[in-house]
Every structure is written in structure tokens, then in C-alpha cells.
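One letter stands for each residue in the lines below.
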Amino acid sequence: MKPRGSPQGLLRFNVPSTAARLVIRPPRRFASHASPSPSPPPSSSPSTPSPKQQRWLRLAFITAAAAGIGALVRSQQGPDSSTLNPVKFTPYYLVSREPVSSTGSFFILQPPKEDGSNNAVYEGAWKTGVWSVMFKQPQLQIGRDYTPLPSTSSGEEDDECLRFFIRKDPFGEVSRYLHSLDIGAPIEVRGPRIECEIPSDTRQILFIAGGTGIAPALQAGHTLLRRTSPTHKPKIHILWANRRREDCVGGVSETTTTTAAPQRSWLSGFSTSLKDKHTPIYPPKAADTSLIVRELEALQSQYPGQVSVDYFVDEEGTSIGKQSILDSTSSALSSKEPGKGKHNLILVSGPEGFISYMAGPKLWAQGMELQGPLRGILKELDLKNWAVWKL
């Protein structure tokens, strides 16, 4: 599962983006004067409060009401809350960690209570598009965004666990922390955060994934394909690139594009020593089909004819190039149907270098991550019938 963005500090925890737009102005304080105000005549009856006293009473009432509302919100989103929310961190618990390859693992996290409240939160995110949650590294007070995997078996549909494919990055403080935890350890989670909305009229998605970028691809497929009806059968084609075959053992490509002559990989700009730097989680062992490939095959089985996958492996000399993308988009490029391109979407997800090579880098401005101009291979292909989004 691909981490989102760079590590964020303590300010991100305390000032979430949704709350940052709210500006709460404290009530003005009125100082009392040293000289007493004139006393009313003894014969007069008790008078109504003066305008100044009425203003003070209104301010006192508003302040008390605001304090009550704040206390209610804090009580609902406090440390004892068992419902995932984008404002406060909720303590989930690590119930399983299964190695997928020598550098990545499949994580399962469970909320403190399974009372059905989290399913409503998940469902809203699944209907919208690609989403993530943030994990907190408590010692360093930093966080990373990770993409939950969709449920592909009937036994997982009703539980409230979250599932992740997480690579152990030797330079990643959060991923190393997660891989060091014991089963049963608490993990503070906040979300959901919508990464990309998939419009309801989307007909086709081409998902270009690098490494753990396959997690958002599974999400996009899950969101898109559950909209299938007798008159609407959307399709998704996934191009998945990995450094090693062990990450996608058993994966068989749908087309012949991966058997073409070896192409220059986005990794070729890095030194060999950097490519080989990783911390093995366990000695690689033989397997007929990797866990992620099984997830993809389950999606294909559930929606026959609507899901296709091509696998590319850097150590085998195959990589995603211009021809691979053109082959995947040829039906839309050759179509003369007016407006059809408005329903086609290209999503790119993976390491920063991979995204930059395919579509140009994302940009940071005023504390926000922006899409930035389209560049790279997709810019050169000039696919006018497709909208592009970098994850």
C-alpha cells in the first residue's frame, strides 16, 4: 500500500484540514470601571438590565453554549471513541501481519469495538472513490497515509477490520515502526481522507500502478465495478509494475504487451545499490500465487470481462512504456463517439519517481499537495480522450 505524501508533524495531528477552515473568535472581554455607576433612586422599582448588561448576558450565554457544544464533540471524538473519524485518532489494534514478499506484508487492523458504526464510515468512502487513512508514529509524532484494501471475500464484508499492503521502507520511519509492532499492539488511525473521487458516469479506468500503488488500484476497481448494472458495465485495466517477480508471483498478463522487447524502466535513473537496498522481512519462500495477485483474481472472478491486468517486472526487463499505454487506451482513442472521453480516467499511483516518470511530479504549495502540470510519458502521448489524476 502506497504511503501518501511526506511525513507530517504534530501540527497535522492537531489541526486537520477539515478543521483548519474554521476560525473561532473568542468573545470580547469587557473590563469593569473603577468608578461605580450611579445608584438608582431609592423610590424606583427594579429596572430592566441596561444595554451594556444585556450585551454581557448574551455573550455569557453564547460562551456557555459554545463550551457545551465543544465538550459534546470532544466526548464523541475522545480517546474512548471506537469510530474512525477525520478529526481525532482512533486506537485500532494489529490482529494479523502476513508476509507477502521479502519486503512487504499484509496487515489487518481491528477497531476497539465492532458495533457497526465503522461500516457506515467505510461505506461512504468506498462509494466515493480512492481513500486513505493516516497512521501515527507516536515516538516521533509523525504520520503517513495508507490505502485500505477492499474486502474480496464474503466473510470480510460485515466485519469492521481494515486491511493494508505495506512495504517496509528502510528509510521510512512509519513503515519500520509498523513492522516492528507485536500482534495486539495499538495503532492510532485517523480518516478517511478522499484521495480521488471517481465520477458516477466513469466508463473506463486505466490504472498505472507501481509497487504498493496496487492498493489504490484495487480500491478504484472495487468502487467502479460495484456500480455495474444490466445497462452499465464499466471496465478497469491495470498495468502493475514491480521490481521483483516475488511481489506478483503467479500473475499472468491479459495481453502480450509485457513480452515485447525490454524498455527503459523508470528505475534506471537510480543506482543499482539503491535498488537493492531493502530489509528482508523473512527469507523468500516459494508460492504459487501471491496474496495481492489472488486479490486481483478474485476481482476478475466477481466481474468477468470487466477487469484486466498486465504485470511488468523490472528484474525481467519488462516495464510500462508508451506502447503498453497506447494498447490499453486504443479503444477510446479510435472512438468517434462524441463526449466519450469525458468518461475515461487514467490514475497513476506508486513511488514519487514512478509518478514523475509517468505523469510528472505533484507539487506542494501553501501546505497543500497539488496535481501539478501533466508531464512524462502521458504528456508525450497526448491522450485527449482521457483525464489523468496522480495519487
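Keep in mind that what you see is a predicted model, and the values were worked out from it rather than measured.

1. Remarks on the pattern of salt bridges
When the charged atoms of two side chains lie near each other, side chains of opposite charge can form a pair.
In step 1: If you walk through the whole model with that rule in mind, you get 11 salt bridges.
In step 2: When the shortest N-O distance is used, the salt bridge between Glu-123 and Arg-226 registers 2.7 Å. Taken together, the residues Glu-123 in helix 4 (residues 117–128) and Arg-226 in the loop between helix 6 (214–225) and strand 9 (235–242) connect sequence positions 103 residues apart.
In step 3: Residue classification places Glu-123 among the partly exposed positions, given a relative accessible area of 28%.
In step 4: Here Arg-163 makes a salt bridge to Asp-159, at a shortest N to O gap of 2.7 Å.
In step 5: Overall, Asp-159 belongs to the partly exposed group, its relative accessible area being 22%.
In step 6: Among the ionic contacts, a cluster of salt bridges with common partners joins Asp-145, Arg-193 and Glu-195.

2. As for the sheet that holds strand 14 (residues 387–390)
In step 1: Read from one edge of the open sheet, five strands run 10-9-8-11-14, paired in parallel fashion. Each of the sheet's edge strands pairs with one partner strand only, and the pair in question is strand 10 (307–313) and strand 14. When the angles between neighbouring strand axes are averaged without regard to direction, this sheet yields 15°.
In step 2: Lying on the sheet, helix 8 (residues 291–302) is in contact with strand 9 and strand 10; it crosses strand 10 at an angle near 155°.

3. Let's talk about the packing of helix 4 against helix 6
In step 1: Axis separation between helix 4 and helix 6 bottoms out at 8 Å; the angle between their running directions is 85°. When the axis of helix 4 is compared with that of helix 6, the two are roughly perpendicular. Of helix 6, the residues touching helix 4 (which contributes Trp-126, Lys-127 and Thr-128) are Gln-219, His-222 and Thr-223.
In step 2: Classifying every residue of the contact of helix 4 with helix 6 by side-chain character gives one nonpolar, four polar and one charged.

4. Considering the pairing of strand 9
In step 1: In terms of burial, strand 9 is largely enclosed, as seven of its eight residues are buried.
In step 2: The pairing of strand 8 (residues 204–210) with strand 9 spans seven bridges and is classified as parallel. By the bridge assignment, Ile-208 is partnered in strand 9 with Leu-239.
In step 3: Regarding the hand of the β-α-β motif, the stretch spanning strand 8, helix 6 and strand 9 is right-handed.
In step 4: The sheet contact formed by strand 9 and strand 10 spans seven bridges and is parallel. From the neighbouring strand, Ile-238 faces strand 10, where its bridge partner is Val-309.

5. Let's talk about helix 4
In step 1: Those residues of helix 4 not exposed but buried are Asn-118, Tyr-122, Ala-125 and Trp-126. End-on view of helix 4: buried residues confined to an arc of 100°, all on one side of the axis. Opposite the buried face of helix 4, at more than 90 degrees from it, the exposed residues are Ala-120 and Lys-127.
In step 2: In this structure, the buried side of helix 4 is in contact with strand 2 (90–99), strand 4 (129–137), strand 6 (162–167), strand 7 (186–197) and helix 6.

6. Observations concerning the packing of helix 6 against helix 8
In step 1: Axis separation between helix 6 and helix 8 bottoms out at 11 Å; the angle between their running directions is 15°. Relative to helix 8, helix 6 is oriented roughly parallel. As for how helix 6 packs across helix 8, the hand of that crossing is left-handed. Listed contacts from helix 8 to Ile-214, Leu-218, Gly-221 and Leu-225 of helix 6 are Ile-292, Glu-295, Leu-296 and Leu-299.
In step 2: Here the residues of the contact of helix 6 with helix 8 sort into six nonpolar, one polar and one charged.

Conventions used here
Residues numbered from 1 in each chain as written. Predicted model: local features only at pLDDT ≥ 70, side-chain atom pairs only at ≥ 80, totals over all residues. Heavy atoms only, no water. Salt bridge = Lys/Arg side-chain N within 4 Å of Asp/Glu carboxyl O. Helix = DSSP H or I, 4+ residues; strand = E, 2+ residues; numbered from the N terminus. Buried < 20%, exposed > 50% of the residue type's maximum accessible area, 1.4 Å probe, protein only. Pairing = 2+ DSSP bridges. Axes fitted to C-alpha atoms, helices over the stretch in contact; angles between N-to-C directions. Contact = heavy atoms within 4.5 Å. Parallel < 35°, antiparallel > 145°, perpendicular 65-115°, else oblique. Nonpolar A, V, L, I, M, F, W, Y, C, P; charged D, E, K, R; others polar. Right-handed = clockwise from strand over helix to strand, strands pointing away. Arc of directions from axis to C-beta. Left-handed = near helix turned anticlockwise from the far one by under 90°.

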